[in-house]
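# Chains, contacts and geometry: an overview
Given next are the chains, with one letter for each unit.
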Amino acid sequence: MANCSIRAIWILNNQDTVVFSRRFSVVERRWRLACKRENENSNGDNNQISQLLPNDSEFTTAFIERKKREGSSRGFGFRVVQSSKGSDSWVDDPITRHIISLHINKEEEEGEKYFIWPLVLHIRNPYCILILPLVEPRHLKSYERMCNRSDCGSCIGEEKSLPSLLLDLPCITGSFMVAHTIGDVITGDSVEPEVLASVAPSVGGLLDSLTGSIGIPSMTARAKPVAAPVAVPNSSGGISGGATSDTSKISSRLADRDALCTFISSAMPFGTPLDLNYSNISAVKVNGFSSTDTPPVDMKQPAWKPYLYRGKQRILFTIHETVYASMYDRDDIPDSISVSGQVNCRAELEGLPDVSLPLNGLSTSHLEVLSFHPCAQISEHGVDKQAMMFSPPVGNFILIRYQGFCGLGPPVKGFYQLSMVSEDEGAFLFKLRLMEGYKSPITMEYCTLTMPFPRRKIISFDGNPSIGTISTTEHSVEWKIVTIGRGISGKSIEATFPGTIKFAPKTIQKLSALSRPAHGLITEDDSDEESENINNIANIEDFLLEKMNKDLPPVDLEEPFCWQSYNFARVSFKISGATMSGMSIDPKSVTVYPTVKAPVEFTTQVSSGDYILWNTLGKCPFVATAPREQLQQQQK
């Protein structure tokens, strides 16, 4: 965050009205000086960089014009027929959905135009949050040249591409962090990461009133410092919220401008983000500091740890993993399974200690992406060992994030087949194997499979699974294979589910869609009818969605269920006892300096993300991967 400075922040509502804006004059002075130097060294170049920031009215007008020009508030990302030279979509890169530019027309001086970039766009309904970081004028000129080049897209390894330009701008990452944090604040979704405890006795804690009982039962607030509610409701509409036994959401309304301004001023004084932890900032605002709460001698207390813990000491680690899969059961399409995880930590330690631990088994955990909390220091690298040390902040925090493969194999494996007997009747078959190769103490707590039919109404159903129970709704069939309280551990089970299903006949309105073109494309026959609708809808993505819902394009008789002929089943489950990637922490290897008696607890939790079984007999989307030799050749 040290290389990130914010020029301005805008928040717009769904009526495209600026409801909040903030400009940082200190950063703007740096921008003006940089522009002055760039313009003086341009050697007569007419392409001068503007030093101005738009006012709220100019910004709103430019944002609305971009929606019309690009087709949506996010932009197409790819060059299409509607793209014009100088627009974001002309760059032909999907990143322009999230990092946009605006063309500003000055209200005071007619004819004067300039554009601002890079604007980080984060949509948190019903708000659009836009962050303008400080970049060098040369970066702005580079992007402007990309917006006017004749070629299309960027190639792997190309120097003058948008990804290569953004890699030279660490402020982009910082701006996204700022945008996401502000989104959490204004929508009240600021929640600390969950840390599970295996014991229930109350041990107290410094910011327990802020963290509540997030996975830690029977936590009570201490008297010092008194961090009871996050804020006290008052007539001016300050931030309202507090700890409850079930949630730690910190409520906030955008109307509370004073509270939002206080957070921005504290989190990023003079435009430089320092501490985006909303819990810390709220606690400091409410409680202030105590003269008796001083750090140890000759030790500097970091800004992100405003209070020192006092009480019974312990360290809690929880690994949360989410498993994603696409199962095809085809020879021509390989199955895909991946794991996304994070190590959450809560270190209730007095003073300012350092915690160190080795991460054993990294090479066997099949990890592809690994990132650490800013408080962590990586001190040793090896083939199968990576030691780390960190000075823990107060409360719950995410120590490590990672992505990788499922080292134990898919927890649910099998196939789903669906074929149509007639236009409104179908026969299906599931054959699954659960927890194959998994040994105790790994336990599958529950497993549920759902067949969605969003475009058809179920009128009758017949099926008898080998295990579990069945329930139906108008548009789905749910198979509860393993129910809560009857988990399976130390063994694998096979489950089969044959059946038939009947749907209500298509209505006359649906049948009329047969005469219309597929995928919402406009032809000469219906161009007059559709052009009026397009003119009335500025957002083309909304128009396509509306057309898709009203006039579903025709599909093959064998697969009339999902849009574009896709049909699938979704699996949801929860597993405890180990991680899927192999990531683990040995509590006995965790050390604290200065040495204290602090028990270390370690728990795991695995849940399913998008775990999809595609119909083996139908169409299915998949990513075609180029051979490794071809990728290496392109990168040279």
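The following refers to the structure shown.

### What about the overall build of the protein?
- Looking only at helices and strands, the protein has 12 helices and 23 strands in total.
- For the protein, buried positions account for 47% of its 636 residues.
- Of the accessible surface of the protein, which amounts to about 31,400 Å², a share of 51% is contributed by carbon and sulfur atoms.

### Focus on the sheet that holds strand 16 (residues 458-463)
- The strand order 13-14-20-16 describes an open sheet built from four strands, whose pairing is antiparallel. Every other strand in the sheet has two partners, leaving strand 13 (412-420) and strand 16 as the edge strands with one partner each. Ignoring which end each strand starts from, the neighbouring axes of this sheet average 20° apart.
- Bridge count between strand 16 and strand 20 (residues 493-503): five bridges; the pairing is antiparallel.

### Re the environment of Gly71
- Following the sequence through the fold, Gly71 ends up in the loop between helix 2 (56-70) and strand 3 (99-105).
- Along the sequence, Gly71 and Ser89 sit 18 residues apart, while their C-alpha atoms lie 9.6 Å from each other.

### Some points on the nonpolar core
- In terms of nonpolar packing, the biggest core is built from 44 residues, with Ile11, Trp117, Ile131, Tyr143, Ile182 and Ile264 touching the most fellow members.
- Per element, the largest residue contribution to this core is seven residues, and it comes from helix 5 (residues 171-187).
- Setting aside anything within four residues of it in sequence, one finds Ile182 in contact with Ile9, Ile11, Ile129, Ile131, Phe263 and Ile264.
- By size, the runner-up hydrophobic cluster in this structure holds 40 residues, among which are Ala325, Phe430, Ala569 and Phe573.

### Focus: the pattern of salt bridges
- Applying the stated criterion to the full structure yields 17 salt bridges.
- A salt bridge links Glu474 to Lys457, with the nearest nitrogen and oxygen atoms 3.9 Å apart. Of this pair, Glu474 sits in the loop between strand 17 (469-472) and strand 18 (476-482) while Lys457 sits in the loop between strand 15 (443-452) and strand 16, placing them 17 residues apart in sequence.
- Here Glu474 falls in the partly exposed class, since its relative accessible area comes to 45%.
- On the basis of relative accessibility, which here comes to 41%, the residue Lys457 falls in the partly exposed class.
- When salt bridges with common partners are traced through the structure, they connect Arg314, Arg346, Glu348 and Glu601 into a single cluster.

### A look at helix 1 (residues 25-40)
- An ideal rise of 1.5 Å per residue puts 22 Å on 16 residues; helix 1 measures up with 22 Å between its terminal C-alpha atoms.
- When we look at burial in helix 1, the residues that qualify are Val27, Glu28, Trp31, Ala34, Cys35 and Asn39. Projection of helix 1 onto a plane perpendicular to its axis shows the buried side chains occupying an angular sector of 130°, all on one side. In helix 1, the exposed residues that point more than 90 degrees away from the buried face are Arg29, Leu33 and Glu40.
- Where helix 1 is buried, its residues meet strand 1 (6-12) and helix 3 (137-146).

### Quick word on the packing of aromatic side chains
- One pass over the structure, following the stated rule, counts 14 aromatic pairs.
- Between Phe428 and Phe430, the ring centres sit 6.0 Å apart and the planes meet at 65°, which makes this aromatic pair edge-to-face.
- The exposure class of Phe430 is buried, given its relative accessible area of 0%.
- Each ring, one from Phe573 and one from Tyr611, has its centre 5.3 Å from the other, and the planes form 80°; the classification is edge-to-face. On the criterion of sequence distance, the pair formed by Phe573 in strand 21 (residues 568-576) and Tyr611 in strand 23 (residues 600-614) is long-range, its members being 38 residues apart. Take Phe573 and Tyr611: they sit in the same class, and that class is buried.

### Structural notes on helix 7 (residues 257-267)
- Where helix 7 is concerned, the buried positions are Ala259, Leu260, Phe263, Ile264 and Ala267. For helix 7, the arc enclosing every buried residue in end-on projection is 130°, short of the 170-degree limit, so these residues lie on one face.
- Contact partners of the buried residues in helix 7: strand 1, strand 2 (18-23), helix 5 and helix 8 (278-287).

### Considering unusual backbone geometry
- Geometrically, the link from Trp117 to Pro118 is a cis peptide bond, its omega value of 0° lying close to zero.
- Cis rather than trans, the peptide bond between Tyr593 and Pro594 has omega equal to -5°.
- Within the secondary structure, Pro594 is located in the loop between strand 22 (591-593) and strand 23.
- For Asp92, which is not a glycine, the phi torsion comes out positive at approximately 65°.
- Looking at the secondary structure, you find Asp92 in the loop between helix 2 and strand 3.
- Positive phi values are uncommon outside glycine, yet Asp329 reaches one of about 55°.
- Relative to the helices and strands, Asp329 resides in the loop between strand 6 (314-327) and strand 7 (336-348).

### Considerations on the packing of helix 1 against helix 3
- Relative to each other, helix 1 and helix 3 sit at 65°, their axes nearing to 9 Å. On the basis of their axis angle, the class for helix 1 and helix 3 is roughly perpendicular. Of helix 3, the residues touching helix 1 (which contributes Trp31, Ala34, Cys35 and Glu38) are Pro137, Arg138, Leu140 and Lys141.
- For the contact of helix 1 with helix 3, a count of residues per class yields five nonpolar, no polar and three charged.

### A short note on the pairing of strand 8 (residues 354-358)
- In the sheet, strand 8 pairs with strand 22 via three bridges, with the strands oriented antiparallel. From the neighbouring strand, Asp354 faces strand 22, where its bridge partner is Tyr593.
- Pairing geometry for strand 8 and strand 11 (residues 386-390), over four bridges, is antiparallel. Residue pairing for strand 11: Ser356 is matched across the bridge by Met389.

### A look at the pairing of strand 2
- Here strand 1 pairs with strand 2 via five bridges, running antiparallel. Looking at the pairing, Ala8 lines up with Arg23 of strand 2.
- Counted along the chain from strand 1 to the antiparallel partner strand 2, the turn is five residues long, and its residue Asp16 has a positive phi close to 60°.

What counts, and at which threshold
- Residues numbered from 1 in each chain as written.
- Predicted model: local features only at pLDDT ≥ 70, side-chain atom pairs only at ≥ 80, totals over all residues.
- Heavy atoms only, no water.
- Helix = DSSP H or I, 4+ residues; strand = E, 2+ residues; numbered from the N terminus.
- Buried < 20%, exposed > 50% of the residue type's maximum accessible area, 1.4 Å probe, protein only.
- Areas by Shrake-Rupley, 256 points an atom, 1.4 Å probe, with all protein chains shown as cover.
- Pairing = 2+ DSSP bridges.
- Axes fitted to C-alpha atoms, helices over the stretch in contact; angles between N-to-C directions.
- Core = buried A, V, L, I, M, F, W, Y, C linked by side-chain atoms within 4.5 Å.
- Contact = heavy atoms within 4.5 Å.
- Salt bridge = Lys/Arg side-chain N within 4 Å of Asp/Glu carboxyl O.
- Expected span 1.5 Å × (residues − 1).
- Arc of directions from axis to C-beta.
- Phe/Tyr/Trp six-rings, centres within 6.5 Å; stacked < 30°, edge-to-face > 60°.
- Parallel < 35°, antiparallel > 145°, perpendicular 65-115°, else oblique.
- Nonpolar A, V, L, I, M, F, W, Y, C, P; charged D, E, K, R; others polar.

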